[in-house]
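# Commentary on secondary and tertiary structure
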Amino acid sequence: MNKPGQQAQANATSGGGSFLGNFQNNILATGLTPRKSIFGFLLAWGLFFFILYGMPAPEGLSVAGKATLAVMVWACIMWIFEAMPVGISGLLIPMLLVMTNATKPFPAAASGFTTPVVFLCMAAFIFAAIMQAAGLDRRIALALLNWMRAKTVNGVIWAMFAVNIVLSFIIPAANSRAATLLPVINGITNLFGDTEAERNGKKAIVIQTLVYGSMISGMCILTAHLPNLVIVGLFEKQLGLRLSYADWFVLQWPYLGMFVLTQWWVQYYFKTTNVGVAGGFEVVQKQYREIPRMCQAEWLILAVFGMVALAWMTQDTLHRVAPHNVALMGLAVLFIPGLFGFKWKELQDRTIWGTLLLLAGALSLSNTMSTSGLAKWLADVLHPVGAGQSWWMILLVFMAGTHIMRLGMLSNVAAITMIAPILLALAPTLGLHPVAFTMLVADTDTFAYLLPTQITAAVIAYSSGTFTMTDYFKVGWVSVLIAIAYGILIMAPWYAFLGVPVWDPAAPWPFGTVPGK
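Residues numbered from 1 in each chain as written. Predicted model: local features only at pLDDT ≥ 70, side-chain atom pairs only at ≥ 80, totals over all residues. Heavy atoms only, no water.

## Notes on the nonpolar core
For the record, the criterion: Residue types Ala, Val, Leu, Ile, Met, Phe, Trp, Tyr and Cys, when buried and joined through side-chain atoms within 4.5 Å, form a set referred to as a nonpolar core. Each residue's exposure class comes from its accessible area (1.4 Å probe, protein chains only) as a fraction of the maximum for that residue type: buried when under 20%, exposed when over 50%, partly exposed otherwise. Segments assigned H or I by DSSP are reported as helices when at least four residues long, segments assigned E as strands when at least two residues long, and all are numbered from the N terminus. The contact rule is simple, with two residues in contact once any of their heavy atoms fall within 4.5 Å.
Among the nonpolar cores identified, the biggest contains 170 residues, and Met 72, Trp 74, Tyr 255, Leu 365, Phe 437, Tyr 449 and Tyr 495 are the most heavily contacted of them. Sort the elements by how many residues they give to this core and helix H25 (residues 469-498) lands first, with 14 residues. Other than its neighbours up to four places away in sequence, Leu 365 contacts Thr 68, Val 71, Met 72, Ala 75, Ile 93, Leu 97, Thr 417 and Met 418.

## A few points about helix H20 (residues 374-386)
This is how the line gets drawn: Expected span of a helix: the number of residues minus one, times 1.5 Å. Two axes enter the definition of the bend at a residue: one is fitted to the seven residues ending there, the other to the seven starting there, and the bend is the angle between them.
The end-to-end C-alpha separation of H20 is 19 Å, in line with the 18 Å expected for 13 residues at 1.5 Å each. For H20, the principal kink sits at Asp 380 and spans about 30°; a proline, Pro 384, occurs within the next four residues. Buried residues of H20: Leu 374, Ala 375, Trp 377, Leu 378, Ala 379 and Gly 386, and no others. Where H20 is buried, its residues meet helix H4 (63-81), helix H19 (353-371), helix H21 (391-405) and helix H22 (412-429). A positive backbone phi angle near 85° is found at Gly 388, which sits one or two residues after H20.

## Some details on unusual backbone geometry
In the segment running from Lys 104 into Pro 105, the intervening peptide bond is cis, with an omega of -5°. The topology assignment puts Pro 105 in the loop between helix H5 (86-99) and helix H6 (106-109). One non-glycine residue with positive phi stands out, namely Asn 101, at about 65°. In this fold, Asn 101 is placed in the loop between H5 and H6. Its identity is not glycine, yet Lys 271 carries a phi of approximately 55°, on the positive side. Of note, Lys 271 is situated in the loop between helix H14 (258-270) and helix H15 (280-290). Judged by relative accessible area, which is 65%, Lys 271 ranks as exposed.

Have a look at this one:
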C-alpha cells in the first residue's frame, strides 16, 4: 500500500487528482510554497502588462524606459517570490526587452551574455567544480582548521574566517563557500551539549562563519562575490573605467577589518568568550587524518590555479592579459586529454549554471536600464531625497534605504542589478563621485543581515537548525549598523586616500586604463 506522500507523488506524475492539485504537487516537489509561487508568478505578469499597457507614461520617461521598467518590475517580483528558477528568469530577460521594444536588436538585449565578466565567472565556476570534484575545498578547510588548532568557540570562528579567505580565491560565490563549509561546521557544532552557553556557541559559530565570514571575505576578491562582477562590468560599460583584479583588492581589502567588529559584537551578544569546544579539535584532527594523501592530479590543479591567481594579481604590472582570458587559458591547461579522470558530468553537476544565467540576464537588464534612460529617470525621482545634504548624510540615507528594500529580496545579484545603474546616474546630480558613491551604497547591500531570507548563504546557515529567525534578527540589526558605519567612517576615507573621494565628482581616475587606449 502506498503511503500518502508516495500517492501524492504518483498522482502528480501520472496526472491523477485535480488539475489544480497537480499544480500544487509539482510546486511542492520543487521545494517551493505553492501559494507564494503562484501569487508571485501572477503578480509579476500582472504588473508587467499593467506598466506596459495600462499605466500612463510618466513625465520624462521614454517609451523604451517604460518598457524597461516593466521588465525590471517583472524580474524583481519573480526573484522576490522565487516564482521561477533564477536561471530561467535570466534567460527570459533579453526576450522581454526585445519584445517590449525596450531595446533592439536581440544581441543588444542579450549583451550581458557576451561580456567578459560572464566568461570570467563561468571559468571561475568550472574551476570551483574541479576543486570540489577533487575534494580540494574540504581538504583545504580541514587543513587550515588543523593547523590553527582551534579549541574554543572564538578560535573556531577565527580559523573558519581564515578558511573563508582562502576559499574566496577558489570558490566564486558566497553561497557556494557556505555550502562547502556547512558539513564541516555541522561536524563541529554536533559536539556541543545542550546548555545555554553551548547553544549560544553554536549560534555564534554558524552565523559568524557561514554568513558574516562568507560575505565579508567575498568583498575583497573580485571573483569571490558575484555583485563585484556586476559593478565592475557596469563601470566598464557605462564609464569606460576598468578595474583589474589587483585594483579591486586594493580598493576593498579594508573590509576585512569589519569582521573584527562583527566578531566582537557576536561574541558579546552570545557570551562566548570562555566557551570551549568539547572534543572539537580532536574531531577535526580525525577528519583531517582520514583524508587520503594528495595525488599528482590535485597538486596539478593547485599549481594551475595558483598561476591563474598570480596572473590576475599582476595584470597591468607584468602583463596586459585580461582576467577572463587568463581564466580560460587555465581551463585549457586543465582539460588537456589525460591529465584528469573526471567525467564532464561530474563537473557540470557541480557548476551553478542557474546563477551564471542569472548574472548574464541581470547584466543585460542593468545595461538596458542605463541605455533606455530608466536609470536616469529613477535617479531624478530619488534626487530630492539627498539634495542639499552632506555627502555622509546622503550615504546614510541611501544605505538605510537599501537595507529596507532588501527585506523582500533573496539575491544579491538581483538587488545590485536594480540599484547600481540608478546610483551611477544619481551620483552626478548629487555632486558625488559616481564610482565611490555606487560602490559604497552597493557594498552595504552585501551585509543584509536582518533576515536569513535576504542572503542565500544565510538560508544555508539557517538549514543547520542551530538558530531561530529571532536570534538572527537580534544579532543582525546591530551588524547592519556596524556595516553602515564602517562604510561611512572607514571605507569612504580609504577611497579618498586612494584618489576616489566620494565628495569630489571631478577626481581623476587613479586605477587601470580606459579600454581601447
